[in-house]
Amino acid sequence: MKPMPRIGLTESLSAFLSDGYRFIQKCCRIYETDIFGINLPGKPVFCIHGREAARLFYDPSKFIRHGAVPAPIQKTLTGEKAIHTLDNGQHRHRKDMFRSLLMAPDRIQTLMEAMRQEWIRARERWSRMPRVVLFEESQTLLTLAACRWAGIPLTDEEAPQRARDMWSMVDGFGSLGVRNWKGRAARQRTERWIGALIEQVRAGTLPVEEGTPLAVLARFTEPDASGSPQVLDPKMAAVELLNATRPIVAISTYIVFAAHALHRYRGFRQQLRTAGTEADIERFVQEVRRYYPFAPFMGARVRDDFDWQGHRFPKGTLVLLDIFGTNRDARLWQRPEEFWPERFRNWDGDPFRLIPQGGGPYENGHRCPGEWITIEALKVAVGFLTQSMTFDVPKQDMDYPITRLPTFPKSGFVMINVRQALTPVTTGPPVSTGPPVVPAAG
């Protein structure tokens, strides 16, 4: 076995605090390797980077997720004992349910239509506001659309608070301080709300449209220890219903980054406004997902001992895959530090190269089944921001600190003088009916 570069706890913590999203990639560059270890007391952690590392990480024969999601993240972002922590048959059974909700063309079409209607309503509301913070407003917009799609009753008056709670769950995972506690409190409130709706559906006191996520989760069954089908506990059903809806609200991060790119690289905004096709918008969306920071890394534990690149991976070892750095790996992407949508013109769809929401196949792995929804939602958003509305961008602080997890522009992207375009495009680009076939870096 080759000796593995290792860094101590104090050194790694200092490097992580100073480098944030770039931590794993920067360490790999320093040690000229795609793997290094962090010496935690009794709990060594391996960090891996690059395409081949992603291929390894998403091999279900090599890794399990049980025990890989830290409690602070379960208590804020994912919920406890959720699909992210499952393996083998139980994971496949629940993943099939999520795929039916999130990847079926008719379900995507229904959600996109709800989003278009909310964009229209938002545009009218924003035209009466002196100042619009897109990050906050898009969270409310997405919460309303997600709840309508999911069959969850929600009024316009309730939506801003529910949206803040949805975002707090996302924001809390990157901190062990106040943000984490706010995220925990938001999750508890939201789980109680959704759990009560689940019980009302089961009792027959809340009418619900068949096929909606609320209806599906209220009646979803899994085999118990004896093999008999049992409905999920109301709290567990609420956790998984939130895992179908909360990530939709998290798309607000990508929306504000898309607006950031349209403003900073204004030639693209003009191009998309005057002659943007669906393919042009899709290339732009994919570059937003590649270029801007979203997930820094993902974790899993070694299923059984194996060797990779001359290094032994002992059973139970926690392994972190570099998501941000792989999306900017110069071996995979030309000019990786530049925002360049044309790199996606001839994209081959390699599932281990572009991994902002995980890698590998959807069918039997842990790649996010909501990725298609993210792409289509961003296409709708970019269509509205470029072709269906006009606005001015006042001076503001748009920096996004790379050391904050998750990060977003400090100002939230402020818009003023929002108006409907003279020749608005209110329907947005058509929704794909299959896996995104998108262009890539040459």
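The residue count restarts for each chain, going from 1 along the sequence in the order it is written. Note on the predicted model: pLDDT of at least 70 is required for a residue's local features to be given, and 80 or more for side-chain atom pairs to be given and counted; whole-chain, interface and lining totals, by contrast, use all residues. Excluding hydrogens and water, the side-chain figures rest on all heavy atoms present in the structure.

**Looking at the sheet that holds strand E3 (residues 45-48)**
- Read from one edge of the open sheet, six strands run E1-E2-E3-E11-E8-E4, paired in mixed fashion. Taken across any chain shown, the strands that pair with only one partner, and hence form the sheet edges, are strand E1 (6-8) and strand E4 (63-64).
- Paired strands, as defined in this entry, are two strands with at least two bridges between them according to DSSP. Only runs of H or I of at least four residues qualify as helices and only runs of E of at least two qualify as strands under DSSP, and these elements are numbered from the N terminus. Here E3 runs beside strand E11 (residues 318-322); their pairing, made up of four bridges, is parallel. Note on E11: the bridge partner recorded for Val45 is Leu318.
- Two residues qualify as a contact provided that any one of their heavy atoms is within 4.5 Å of a heavy atom in the partner residue. Angles run from 0 to 180 degrees between N-to-C directions of axes, and those axes are lines fitted to C-alpha atoms, restricted for helices to the stretch in contact. Here helix H2 (residues 23-31) sits on the sheet and contacts E1, strand E2 (35-39), E3, strand E8 (297-302) and E11; the angle it forms with E2, its principal contact strand, is near 110°.

**Notes on unusual backbone geometry**
- Here the residue pair Leu405 and Pro406 is connected by a cis peptide bond, since its omega of -10° sits within 30 degrees of zero.
- Here Pro406 lies in the loop between strand E12 (389-392) and strand E13 (414-420).
- Despite not being glycine, Gln309 shows a phi value in the positive range, around 50°.
- Mapped onto the elements, Gln309 comes out in the loop between strand E9 (306-308) and strand E10 (311-313).

**Topic: helix H13 (residues 278-291)**
- Its 14 residues place the ends of H13 20 Å apart at the C-alpha level, agreeing with the 20 Å of an ideal helix rising 1.5 Å per residue.
- Along H13, twelve of the 14 residues are buried, which leaves the element largely enclosed by surrounding structure.
- In this scheme, a residue with accessible area under 20% of its type's maximum is buried, one over 50% is exposed, and one in between is partly exposed, where area comes from a 1.4 Å probe on protein chains only. Along H13, the positions that sit buried rather than exposed are Asp280, Ile281, Glu282, Arg283, Phe284, Val285, Gln286, Glu287, Val288, Arg289, Arg290 and Tyr291.
- Considering only its buried residues, H13 is in contact with helix H11 (234-264), helix H12 (266-275), helix H14 (323-326) and helix H15 (371-388). The span expected for a helix works out to 1.5 Å for each residue beyond the first.

**Brief notes about the sheet that holds strand E5 (residues 132-133)**
- Read from one edge to the other, the open sheet built from three strands follows the order E5-E13-E12, with strand pairing classed as antiparallel. The two strands at the open ends of the sheet, each matched to only one other strand, are E5 and E12.
- Where H15 meets the sheet, it contacts E12 and E13, and its direction lies at approximately 75° from that of E12.

**Re the pattern of salt bridges**
- The rule for a salt bridge is simple: a side-chain nitrogen of Lys or Arg has to be within 4 Å of a carboxyl oxygen of Asp or Glu. A complete count under the given rule lists 34 salt bridges for this structure.
- In this structure, Arg22 engages Glu337 in a salt bridge whose closest nitrogen and oxygen atoms are separated by 3.4 Å. In this pair, Arg22 is assigned in the loop between helix H1 (9-19) and H2 and Glu337 in the loop between H14 and H15, connecting sequence segments 315 residues apart.
- In this structure, the salt-bridge partner of Glu282 is Lys379, at a minimum N-O distance of 2.8 Å. In this pair, Glu282 is assigned in helix H13 and Lys379 in helix H15, connecting sequence segments 97 residues apart. Across the pair, exposure class does not vary: Glu282 and Lys379 are buried alike.
- By sharing partners, the salt bridges in this structure join Arg51, Glu52, Arg55 and Asp350 into a single network.

**What to know about the confidence of the model for the protein chain**
- Mean pLDDT over the protein chain: 89, with 93% of residues reaching 70 or higher.
- With pLDDT under 50 throughout, residues 424-442 is counted as low confidence; its partners more than four residues away or in other chains account for 66 contacts. Per-residue confidence from the prediction method is given by pLDDT, with values spanning 0 to 100.

**Some details on the packing of aromatic side chains**
- Two rings from Phe, Tyr or Trp (for Trp, the six-membered ring) form a pair when their centres sit within 6.5 Å of each other. Planes less than 30 degrees apart are called stacked, planes more than 60 degrees apart edge-to-face, and all others tilted. Going through the model one piece at a time under the given rule, you end up with 30 aromatic pairs.
- For the pair Phe23 and Phe36, a centre-to-centre distance of 6.0 Å together with 85° between the ring planes defines the contact as edge-to-face. Note that Phe23 is positioned in helix H2 and Phe36 in strand E2, a separation of 13 residues in sequence.
- The buried category is assigned to Phe23, whose relative accessible area is 5%.
- Here Phe36 falls in the buried class, since its relative accessible area comes to 0%.
- Ring geometry for Tyr265 against Phe339: centres 5.0 Å apart, planes inclined by 0°, an arrangement best described as stacked. With Tyr265 in the loop between H11 and H12 and Phe339 in the loop between H14 and H15, this pair connects stretches of sequence that are 74 residues apart.
- On the basis of relative accessible area, Phe339 is assigned to the buried category, the value being 8%.
- Taking the ring centre of Phe306 as reference, the NZ or CZ of Lys62 above it sits at 5.7 Å.
- Throughout this description, the term charge over a ring refers to an Arg CZ or Lys NZ atom that lies within 6 Å of the ring centre and within 35 degrees of the ring normal. The ring of Trp333 is capped by Arg353, whose NZ or CZ atom sits 4.7 Å from the centre of that ring.

**Thoughts on the nonpolar core**
- Of all hydrophobic cores here, the largest spans 92 residues; its most connected members are Trp119, Trp126, Ile194 and Phe284.
- If you tally residues by element for this core, the top one is H11, at 19 residues.
- Dropping the residues within four chain positions of it, Ile194 is found in contact with Ile152, Ala238, Leu241 and Leu242.
- For the purposes of this section, nonpolar cores are sets of buried Ala, Val, Leu, Ile, Met, Phe, Trp, Tyr and Cys residues that join through side-chain atoms within 4.5 Å. Ile35, Ala300, Phe313 and Val319 belong to the second largest nonpolar core, which has 21 residues in total.

**Comments concerning the environment of Pro369**
- Note on placement: Pro369 falls in the loop between H14 and H15.
- Here the alpha-carbon distance between Pro369 and Leu17, two residues 352 residues apart in the chain, equals 31 Å.

**A closer look at the pairing of E12**
- Every second residue of E12 is oriented toward a common face, the buried set being Met389 and Phe391 and the non-buried set Thr390 and Asp392.
- Examined bridge by bridge, E12 and E13 share three bridges and lie antiparallel to one another. Within E13, the position partnered with Asp392 by the bridge is Ile416.

**Considering the side chain of Arg184**
- Relative to the assigned elements, Arg184 resides in helix H9 (residues 178-203).
- Judged by its relative accessible area of 19%, Arg184 is buried.
- For Arg184, the contacting residues outside a window of four places in its chain are Pro72, Lys75 and Thr76.

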